[in-house]
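Summary of structural features
One-letter residues, chain by chain:
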Amino acid sequence: MAYLSGLKEDKMTKEAFDSSVHEREKLNTFDNALKQFDIAAKILNISENQIAMIKEPRRITEVKLPVRMDDGSIKIFTAYRVQHSVARGPAKGGIRFHPDVTVDEVKALAFWMTYKCAVVGIPMSGGKGGVVVDPSKLSKSELERLSRRYFAELLDLFGENKDVPAPDVNTNPQIMGWMMDTYSMHHQQYLPGVITGKPLEIGGSAGRASATAQGMVFCVREAAKHLKIDLKSSTVAIQGYGNAGSFAAKLLHEDGCKIVAISDIDGAFYDENGILPEEAIKHVAKNKTLKGFEKVSKAKRMDDPMELLELDVDILVPAALENQITKENAKRVKAKLIAECANGPLTPKADETVTRNGIFIIPDILCNAGGVTVSYLEWVQNRMGYYWAEERVLEDLERIITNSFKTVLETSLEYKVNMRVAAFIVAISRVTKAAEIRGLYA
Ligand code: NAD
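To keep things clear, this report deals only with the structure shown in the data block. These figures come from a predicted structure and were not determined experimentally.

A word on the sheet that holds strand E5 (residues 163-167)
- Across the sheet, five strands lie side by side as E1-E2-E4-E3-E5; this open sheet has mixed pairing. The two strands at the open ends of the sheet, each matched to only one other strand, are strand E1 (59-68) and E5. The sheet shows a mean angle of 25° between the axes of neighbouring strands, taken without regard to direction.
- Bridge count between strand E2 (residues 74-83) and strand E4 (residues 125-132): five bridges; the pairing is antiparallel. Within E4, the residue paired with Val 82 across the bridge is Lys 128.

Some thoughts on a positive patch on the surface
- A grouping of Lys 35, Lys 327, Lys 331 and Lys 349 is seen on the molecular surface, where their side chains present a positively charged patch.
- Position of Lys 35 relative to the elements: it lies in helix H2 (residues 29-44).

Here we look at the nonpolar core
- One finds Tyr 115, Met 216, Ile 262, Val 317 and Ile 362 to be the most contacted residues of the largest nonpolar core, which totals 90 residues.
- Element by element, the count of residues in this core is highest for helix H15 (residues 419-438), at 11 residues.
- When residues of this core are assigned to domains, at least three fall in each of domain 1 (60-202) and domain 2 (205-442).
- Membership of the second largest hydrophobic core comes to 27 residues, among which are Val 63, Leu 65, Phe 151 and Val 194.

Some thoughts on empty space enclosed by the protein
- Evaluation of the coordinates by the stated rule reveals two cavities of 30 Å³ or more.
- When its volume is computed, the second largest cavity comes out at roughly 40 Å³.
- By residue number, the principal contributor to the lining of the second largest cavity is H2, which donates three residues.
- Here the residues of the lining of the second largest cavity sort into three nonpolar, five polar and no charged.

Re the site of the ligand
- Taken together, 22 residues surround the ligand, and among them Asp 168, Asn 170, Thr 212, Ala 244 and Asn 343 come closest.
- Within the side chain of Arg 96, a nitrogen or oxygen atom sits 3.1 Å from an oxygen atom of the ligand.
- Taking Asn 170, its main chain carries an N or O atom lying 2.8 Å from an oxygen atom of the ligand.
- Burial of the ligand by the surrounding chains reaches 88%, relative to a free accessible area of 830 Å².
- Residue assignment for the shell around the ligand shows that the elements contributing at least two residues are helix H8 (243-254) and strand E7 (258-264).
- Within the shell around the ligand, the residues separate by chemical class into nine nonpolar, nine polar and four charged.
- Here the shell around the ligand spans two domains, and each of domain 1 (60-202) and domain 2 (205-442) adds at least three residues to it.

What counts and how
- Residues numbered from 1 in each chain as written.
- Predicted model: local features only at pLDDT ≥ 70, side-chain atom pairs only at ≥ 80, totals over all residues.
- Heavy atoms only, no water.
- Pairing = 2+ DSSP bridges.
- Helix = DSSP H or I, 4+ residues; strand = E, 2+ residues; numbered from the N terminus.
- Axes fitted to C-alpha atoms, helices over the stretch in contact; angles between N-to-C directions.
- Patch = residues over 30% accessible without salt bridge, like charges linked within 9 Å, V, L, I, M, F, W, Y side chains within 5 Å.
- Areas by Shrake-Rupley, 256 points an atom, 1.4 Å probe, with all protein chains shown as cover.
- Salt bridge = Lys/Arg side-chain N within 4 Å of Asp/Glu carboxyl O.
- Lys, Arg positive; Asp, Glu negative; His and termini not counted.
- Charge placed at Lys NZ, Arg CZ, Asp CG, Glu CD.
- Core = buried A, V, L, I, M, F, W, Y, C linked by side-chain atoms within 4.5 Å.
- Buried < 20%, exposed > 50% of the residue type's maximum accessible area, 1.4 Å probe, protein only.
- Domains from an automatic or database assignment.
- 1 Å grid on protein atoms, 1.4 Å probe; cavity = no way out; pocket = protein on both sides within 12 Å on 5 of 7 lines; lining within 4 Å.
- Points joined across faces, edges and corners; volume = space filled by probe spheres on them.
- Nonpolar A, V, L, I, M, F, W, Y, C, P; charged D, E, K, R; others polar.
- Near = heavy atom within 4 Å.
- Polar contact = N/O pair within 3.5 Å; in protein donor to acceptor, adjacent residues only side chain to side chain.

Structure below.
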């Protein structure tokens, strides 16, 4: 198969790959995130005091959640909420349910939220939550009890002017609905502005479900103009086929791109003639994952899903988890453009290699900011009690993301740095200014 050609150099299994890379590259996601900050802070020449005000998280909360399982037993789940900053508005950021959640991962994700909100100029700061759980092993009622317990246990942290969560990996609108209901019941009033990404019926926003991918597409359109890539004849590979990845496939396909490879936790699938995103979306809706997709489509199952990242495509969209492109595989990445739908998909070493190889990266804090942008618009609508049509939401989203892309691109040309450093330069300047204007209380 075409995708296998030239990719076999120092090949190993996924498990061996993960453990060897973690050992050699010390993949602490939070340390990696701080490295990105340090590069931009040095260029901006901000003072130690300014750094002290905006770099580390303000509040890290860990709780143990007792949850009654369907068989009557009680299980304890470790859970976190990190509020990285409240300098530019309430903390904002999703809640992740995943067995590999660690406090360092949640700290990194909260950190990225602070700078993501700043880079697109929405008046919010950074937070993130996580529960160490494999939700695929829970029944629907166990999942509901866990979700409600998480929110009840951390009730005092949340509030529409304090900390406003949203969905992330393995959480969805229904879970947001249970959490909003838990909060509203405790306060004996309807309080939809405490959480975003809710179903439309209870105060969700039109356009929120596809917002992360839609924002990425607005960025990709601008990047394609800059790089003189014709989207109509472009090929795309997408890692991850959940909320971000599946909408990414659908929307890029609508823009004329050919989606040649997709993957999820159950494997990667390749078709040089193009995969139909809707076919894969239907398959996942029925079967939960892409498992067996080769049986219902013309796509072939790839032997090693990690090879999707090394395909000779125009656009690579990581839309799964952090640390997927590392110093081990970065040298084999062939895409012209990487659009980071996922948070932190490249390690700092991979970033260096890929940049050196002339690959243009749209960094996560800009590329996937469509999600938080429409979350912000949802929060605004909740506070007004007045709801906009999808066209209005998309219009605002396009304006915010396209302008932000242009600002970051101009900054990258002005400072002669890559787009990631430029995005941090823009964002750190804004957060520093806000922290300074507010000053230090007491
Ligand atoms: P999701 O749970 O809806 O989907 C995650 C997908 O990744 C699933 O298809 C899963 O099977 C797949 N996956 C997990 N491990 C994988 C692996 N090792 N290889 C290949 N695929 C794997 O989550 P999501 O909301 O789509 O989030 C995906 C990424 O996008 C995360 O990094 C998240 O932080 C980021 N993000 C999401 C949003 C949002 O609004 N949902 C916003 C900004 C950023």
